[in-house]
There are 2 protein chains.
Amino acid sequence: MQRAEPQDFARVLSSMCTVPHPKARTAAERFLTTNPGDPGTYETVAALEEKAIGMLGAVAGHPSAGGYIASGGTEANIQAVRIARNRARTHRDVTSPNVVVPESAHFSFTKAADVLGIELRRAPLTDYRVDTDAMAALADEETVLMVGVAGTTEYGRVDPIPDIATLAHEYDALCHVDAAWGGFVLPFTGHEWNFAHAPIDTMTIDPHKMGQAVVPAGGLLARTQELLNPLAIDTPYLESTSQVTLTGTRSGAGVASAVGAMDALWPEGYRKAATTGQENAEWFANELSARGYAVVDPVLPLVAADIPHETIRKLRDRDWRISKTSSGELRIVMMPHVTREMLTAFVSDLDRIGQK
Amino acid sequence: MQRAEPQDFARVLSSMCTVPHPKARTAAERFLTTNPGDPGTYETVAALEEKAIGMLGAVAGHPSAGGYIASGGTEANIQAVRIARNRARTHRDVTSPNVVVPESAHFSFTKAADVLGIELRRAPLTDYRVDTDAMAALADEETVLMVGVAGTTEYGRVDPIPDIATLAHEYDALCHVDAAWGGFVLPFTGHEWNFAHAPIDTMTIDPHKMGQAVVPAGGLLARTQELLNPLAIDTPYLESTSQVTLTGTRSGAGVASAVGAMDALWPEGYRKAATTGQENAEWFANELSARGYAVVDPVLPLVAADIPHETIRKLRDRDWRISKTSSGELRIVMMPHVTREMLTAFVSDLDRIGQK
């Protein structure tokens, strides 16, 4: 049934969210009145959440992973830091915990540092990937967590995850992988990024990004369910006895849509989206290169290019929703709703407007 | 259109969430693919959120309140504590911040204390309402926030909000009101609980509870938008420059449903639900009293009663979703979906099962 969308994705090239798969939408609507935060009352969706984590674990190379469907990648990242911080109180002798992350790490780690009262140390990059020697130089006996990004926000790069995990464990720190966006693309590449490739401890992987589920459906995975214990808060009046989530009441629609999407799309649907996205990224990168723009070659379905600020402003005036890297480059994310036609139209507008 | 609900509310007496108003559901479905966490991309729902806060402010006695639609009451409570903690760094000389709350305060304050690294001090109650002398005894020069609850989770009581606000400001602390559940009922009572009644600073008030919006739609209100500044985190790659929310990507469906619900129900629809809920609470309390059970007289649409644990267990075996207070009493919340027929059926089952 055609709905009048208030959000027309026809010109959205900026978002890491996308049009949900029809089965995700149907599931969301069906479970709109459920709350997995109260599993004693809402048993059906509580069972669905277990199923969702099993499926998410399979995508991430660890079908028996622990975890839960979070409000989003921000919550998952905050909670990963909180696990490490709280665990260090019982397992380590740390007074001023710090976390070492790549400079490319999402701003949710800055938020986590403020919220959780930990020190954030950002390691510089080489060729858009974190320099693990620099991470080692920043680490010390108070380091509780090291983070690698699998699909960076601005350039779509994959950090050297196995090296980061090894390094983290040398410091008796946990290792977290932020695959919020990359997690549903990377299984179809040769990158080493997940629980099967490296001894990582936790991961962020969001069904509501490349997973094509509805918002809100982020994902926090842990190698074991026990790893989540430092997050537990007693819940006296609920039929269940404690909860590990950051939020209380939660969206059953998000949980159900995650199951619906993964059921419909894993693995072939996601493979197709990843392949098409990468083809689009490479086509687009070539189009910009051919016009003389400096382009960051896409490793994953995301393209950054040096376009004049004035041109970007004019493209936005023509209703293109586009983003910029912190260096000011144009950044286009090849989500499943982004078609070759959209990109062709964009390039046409660029030609009309662009000056070099 | 009739949908097969996986969550049948016909026997749900435990939840503080309810069946969303049809206009809330329609709005949610329409905005299912939008993300107000990226207002530059999703402009329509960003404007809706401003509208939602204006409406929520009107319900809470302050139409020009600042705030945002949160993932839920837990986030709103965490953020209220975070505002007070962060603000104290610049406005106060505090090294070990503490927060004074009633013993009846929701477990999200325990979660907030863990997450934010602050000390929680719980003041005892007298007749189920917090003892402000006890709050004063617990406060000191490191107290950054005092909390009053307007509609307590277990007994539906309203704390002496004006006194708590006065006390908080004597200690140069902020005053937060948790009206997550009570906020859409209290306007139709004589209680003093909101921004017009007392110099409170922040409030939690959740559209997805008595507001009849879909999950997730919590609400954080502040007397001024500036009060939210201590929460701000820069957002480099978004078209907007910073965000104050705890989560990143957010549900546009929740925001839109809040507007849809309040548009349809404020004030007369909410008045009706509050009145009916209170009538149901009083009827139910009388039925239990008449059977010899000790009942906590309902001040708001929530009833607690001393029922044997074995009876509660058997009622749950008959598929009634009911909760217990931390003292083990039966606790029934008269949400809009709870009908006199449901309660009559429940009492019948209680008679069949109950032993006294």
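Residues numbered from 1 in each chain as written. Chains lettered and ligands numbered in written order. Predicted model: local features only at pLDDT ≥ 70, side-chain atom pairs only at ≥ 80, totals over all residues. Heavy atoms only, no water.

Draft legend 1. How the structure looks around the pattern of salt bridges. Summed over the entire model, instances satisfying the criterion amount to 34 salt bridges over all chains. Residues Arg-82 of chain B and Asp-114 of chain A are paired through a salt bridge, measuring 2.8 Å at the closest nitrogen-oxygen approach. Of this pair, Arg-82 of chain B sits in helix 3 (residues 73–91) while Asp-114 of chain A sits in helix 4 (residues 108–116), on two different chains. Through salt bridges with shared partners, a single ionic network connects Arg-11, Arg-318, Asp-349 and Arg-352 of chain A. (Salt bridge = Lys/Arg side-chain N within 4 Å of Asp/Glu carboxyl O. Helix = DSSP H or I, 4+ residues; strand = E, 2+ residues; numbered from the N terminus.)

Draft legend 2. Structural detail: the packing of aromatic side chains. Residues and elements named next belong to chain A. Under the criterion given, the structure shown has twelve aromatic pairs over all chains. Note on Phe-184 and Tyr-270: the rings are 4.8 Å apart at their centroids and 55 degrees apart in plane angle, and the pair reads as tilted. Taken as a pair, Phe-184 in the loop between strand 7 (174–178) and strand 8 (202–204) and Tyr-270 in helix 8 (residues 268–290) lie far apart in primary sequence, 86 residues in all. Judged by relative accessible area, Phe-184 falls into the buried class, the value being 1%. (Phe/Tyr/Trp six-rings, centres within 6.5 Å; stacked < 30°, edge-to-face > 60°. Buried < 20%, exposed > 50% of the residue type's maximum accessible area, 1.4 Å probe, protein only.)

Draft legend 3. Quick look at the domain arrangement of chain A. Residues and elements named next belong to chain A. Here chain A is partitioned into domain 1 (22–265) and domain 2 (268–355). Computed over C-alpha atoms, the centres of domain 1 and domain 2 are 28 Å apart. With 23 residues of domain 1 in contact, the opposing surface of domain 2 contributes 24 residues. Summing both partners gives a buried area of about 1900 Å² for domain 1 against domain 2, and 66% of it is carried by carbon and sulfur. The three residues of domain 1 that bury the most area against domain 2 are Glu-154, Tyr-155 and Phe-188, which together make up 31% of that side's buried surface. Inspection of the domain 1/domain 2 interface yields eight residue pairs in polar contact (both at pLDDT 80 or more). Counted by class, the side of domain 1 that touches domain 2 contains twelve nonpolar, eight polar and three charged residues. (Domains from an automatic or database assignment. Contact = heavy atoms within 4.5 Å. Buried area = accessible area lost by both parts, 1.4 Å probe. Polar contact = N/O pair within 3.5 Å; in protein donor to acceptor, adjacent residues only side chain to side chain. Nonpolar A, V, L, I, M, F, W, Y, C, P; charged D, E, K, R; others polar.)

Draft legend 4. Broad picture of the sheet that holds strand 7 of chain A. All names here are of chain A. Spatial strand order, 1-9-8-7-6-2-3: seven strands in an open sheet with mixed pairing. Unpaired on one side and paired on the other, strand 1 (66–70) and strand 3 (119–123) mark the two borders of the sheet. For this sheet the average axis-to-axis angle between neighbouring strands, irrespective of direction, equals 20 degrees. Pairing analysis gives three bridges linking strand 2 (residues 98–102) to strand 6 (residues 143–149), with the strands arranged parallel. If you follow Val-99 over to strand 6, its bridge partner there is Leu-145. Contacts between helix 4 and the sheet are confined to strand 2, strand 3, strand 6 and strand 7, with strand 3 contributing the most and set at about 155 degrees to the helix. Sheet contacts for helix 6 (residues 161–170): strand 6 and strand 7; angle to strand 6, the most-contacted strand, approximately 180 degrees. (Pairing = 2+ DSSP bridges. Axes fitted to C-alpha atoms, helices over the stretch in contact; angles between N-to-C directions.)

Draft legend 5. Looking closely at the UniProt feature "modified residue: N6-(pyridoxal phosphate)lysine" (unreviewed entry) in chain A. Residues annotated by UniProt as "modified residue: N6-(pyridoxal phosphate)lysine" (unreviewed entry) correspond here to Lys-209 of chain A. Position of Lys-209 of chain A among the secondary structure elements: in the loop between strand 8 and strand 9 (218–222). Its relative accessible area of 11% is what places Lys-209 of chain A among the buried residues. Residues within four places of Lys-209 of chain A in sequence aside, it is in contact with Met-16, Thr-18, Gly-73, Ala-180, Trp-181 and Met-335 of chain A together with Thr-249 of chain B. (UniProt positions renumbered as here; feature names shortened; annotations may be inferred.)

Draft legend 6. Here's a closer look at the interface of chain B and chain A. The interface is formed by 67 residues belonging to chain B together with 67 residues belonging to chain A. Roughly 5700 Å² is buried in total at the junction of chain B and chain A, and carbon and sulfur atoms are behind 57% of that figure. For the chain B face of the interface with chain A, the top three residues by lost area are Leu-32, Phe-107 and Tyr-237 of chain B, together amounting to 14%. Joining chain B to chain A, the criterion identifies six salt bridges. Secondary-structure elements contributing two or more residues to the side of chain B that touches chain A are helix 1 (22–30), helix 2 (43–59), helix 3, helix 4 (108–116), strand 10 (233–234) and strand 14 (323–324) of chain B. For the side of chain B that touches chain A, the element with the highest residue contribution is helix 3 of chain B, accounting for six residues. Here the residues of the side of chain B that touches chain A are counted per class, giving 23 nonpolar, 24 polar and 20 charged.

Draft legend 7. View of the confidence of the model for chain A. With 97% of its residues at a pLDDT of at least 70, chain A reaches an overall mean of 95. Predicted complex metrics record ipTM = 0.94 and pTM = 0.95. (pLDDT = per-residue confidence, 0-100.)

Draft legend 8. Examining the packing of helix 7 (residues 252–265) of chain B against helix 8 (residues 268–290) of chain B more closely. Residues and elements named next belong to chain B. Where helix 7 contacts helix 8, the axes come no closer than 5 Å and their chain directions differ by 80 degrees. Taken together, helix 7 and helix 8 sit at an angle that is classed as roughly perpendicular. Seen from helix 7, the contacting residues are Ala-261, Met-262 and Leu-265; seen from helix 8, they are Glu-268, Gly-269 and Tyr-270. A per-class count over the contact of helix 7 with helix 8 returns four nonpolar, one polar and one charged. (Parallel < 35°, antiparallel > 145°, perpendicular 65-115°, else oblique.)

Draft legend 9. Geometry of the relation of the copies chain B and chain A. Aligned on chain A, chain B shows an RMSD of 0.0 Å; the corresponding rotation is 180 degrees and the shift along the axis is 0.0 Å. The superposition operator between the copies reduces to a two-fold rotation axis. Among all C-alpha atoms of chain B, that of Leu-116 of chain B lies closest to the rotation axis, at 2.6 Å. Mapped onto chain A, 100% of the interface residues of chain B are again interface residues, and the two copies thus contact each other with one and the same surface. (Least-squares fit on C-alpha atoms with pLDDT ≥ 70 in both.)

Draft legend 10. Region of interest: the sheet that holds strand 15 (residues 330–333) of chain B. All names here are of chain B. One open sheet accounts for four strands, arranged 12-13-15-14; its pairing is antiparallel. Two strands lie at the open edges of the sheet, namely strand 12 (294–296) and strand 14, each paired on one side alone. Here strand 12 pairs with strand 13 (residues 302–306) via three bridges, running antiparallel. Along strand 13, the bridge assignment pairs Ala-294 with Asp-306. Across the face of the sheet, helix 8 comes into contact with strand 12, strand 13 and strand 15 while running at roughly 10 degrees to strand 13.

Draft legend 11. Inspection of the pairing of strand 3 of chain A at higher detail. Residue and element names in this part refer to chain A. Across five bridges, strand 2 lies against strand 3 in parallel orientation. Opposite Pro-102, over in strand 3, you have Ala-123 as the bridge partner. As for the winding sense of the linkage, the β-α-β connection from strand 2 through helix 4 to strand 3 is right-handed. (Right-handed = clockwise from strand over helix to strand, strands pointing away.)

Draft legend 12. Fine view of unusual backbone geometry. Residue and element names in this part refer to chain A. Looking along the chain, the bond that leaves Val-215 and enters Pro-216 is cis, with omega of 5 degrees. Tracing the backbone through its elements, the reader meets Pro-216 in the loop between strand 8 and strand 9. Here Trp-266 and Pro-267 are connected by a cis peptide whose omega angle stands at 0 degrees. For Pro-267, the location among the structural elements is in the loop between helix 7 (252–265) and helix 8. Even without glycine at this site, Asp-319 takes up a positive phi of about 75 degrees.

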